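# Coordinate analysis (summary)
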Amino acid sequence: RVARQLGSVAAGASSEQEDARDAKAGYPLSLRARLPLFEVQDEGARLRKRAADVQAWLSSPFVAKAKELAESELVKALQQRKDGCTLGLASLEKYIRKDLKVQVTPSQKNGAFFTREPLWLEPGECSDAMLMQALFDILKECLTAWCEERHLQLRVLSELDQHHGLVMYCAGLAPERS
């Protein structure tokens, strides 16, 4: 409120009495009267809800299962002495939802949205493509940390394949030779 008052004074806005008089006469609102219209209302509650949605996504059973399955693919690649592996995220998502019956709640979807659009206060639509990107971000961070613990230099790339959707390529699993 103080910043609004200072801003309106600096911009040469009228006084509150002038605003009230102008409003009664039907004149357009002055800058001082318009500034509150641009303020975020209930921002504390919105930020708490946003944080709860992000936490719901990050700690969701869906994400936990995706991490577990992705790590098992890395283990399998290491056991087969391969340098990398490929994960089709659309297939992974379908397997988790349909076969394992682990669903993403609306709150978790909102959280996925916020991880991709961190400046938004209200959730927008979390399309399947956005959900895949949010999942990619989490898996990339998780798998990179998993490999660092094992002194492996994982490189993770993504590609949008017309048949398989978003695909995650992981390379660098072969231990460095000394």
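Quick note: structure is the one above.
Residues numbered from 1 in each chain as written. Predicted model: local features only at pLDDT ≥ 70, side-chain atom pairs only at ≥ 80, totals over all residues. Heavy atoms only, no water.

## Observations concerning the pairing of strand E1 (residues 84-88)
This is how it is decided: Any residue under 20% of the maximum accessible area for its type is buried, any over 50% is exposed, and the rest in between are partly exposed; the area is computed with a 1.4 Å probe on protein chains only. Starting at the N terminus, helices and strands are each numbered in turn, a helix being any DSSP run of H or I of at least four residues and a strand any DSSP run of E of at least two. What makes two strands pair is DSSP finding at least two bridges between them.
Burial along E1 is one-sided: Cys85 and Leu87 are buried, and none of Gly84, Thr86 and Gly88, which face the opposite way, are. As defined by bridge partners, E1 adjoins strand E3 (residues 165-171) across 5 bridges and the pair is classed as antiparallel. Bridge pairing in E3 links threonine 86 to tyrosine 169.

## Here's the deal with unusual backbone geometry
Residues apart from glycine generally show negative phi values, whereas peptide bonds are mostly found in trans. With a phi angle near 55 degrees, arginine 81 is a residue other than glycine that sits in the positive phi range. By the element assignment, arginine 81 lies in the loop between helix H5 (61-79) and E1. Even without glycine at this site, histidine 151 takes up a positive phi of about 60 degrees. Tracing the backbone shows histidine 151 in the loop between helix H8 (128-149) and strand E2 (155-161). With relative accessibility at 68%, the residue histidine 151 sits in the exposed group.

## Let's talk about the nonpolar core
The test is simple: Put simply, buried Ala, Val, Leu, Ile, Met, Phe, Trp, Tyr and Cys residues joined by side-chain atoms within 4.5 Å make one nonpolar core. Any two residues whose heavy atoms approach within 4.5 Å are treated as being in contact.
Counting residues in each nonpolar core, the largest one holds 37 residues, and the members touching the most others are Trp57, Leu89 and Met168. Breaking this core down by element, the ones donating at least two residues are helix H4 (43-58), H5, E1, helix H6 (89-99), helix H7 (106-116), H8 and E3. Among the elements that line this core, the one with the most residues is H8, at 11 residues. Excluding residues that lie within four positions of it along the chain, leucine 89 makes contacts with Met132, Phe136, Leu139, Leu166 and Met168.

## Focus: the sheet that holds E3
Put simply, the test is: Note on geometry: axes are lines fitted to C-alpha atoms, helical ones only across the stretch in contact, with angles between N-to-C directions running from 0 to 180 degrees.
With antiparallel pairing, 3 strands are arranged side by side in an open sheet as E1-E3-E2. Bordering the open sheet on either side are E1 and E2, each of which pairs with just one other strand. Strand-to-strand twist in this sheet, taken as the mean axis angle between neighbours without regard to direction, amounts to 20 degrees. Across the sheet, H8 is in contact with E1, E2 and E3; its angle to E3 comes to roughly 10 degrees.

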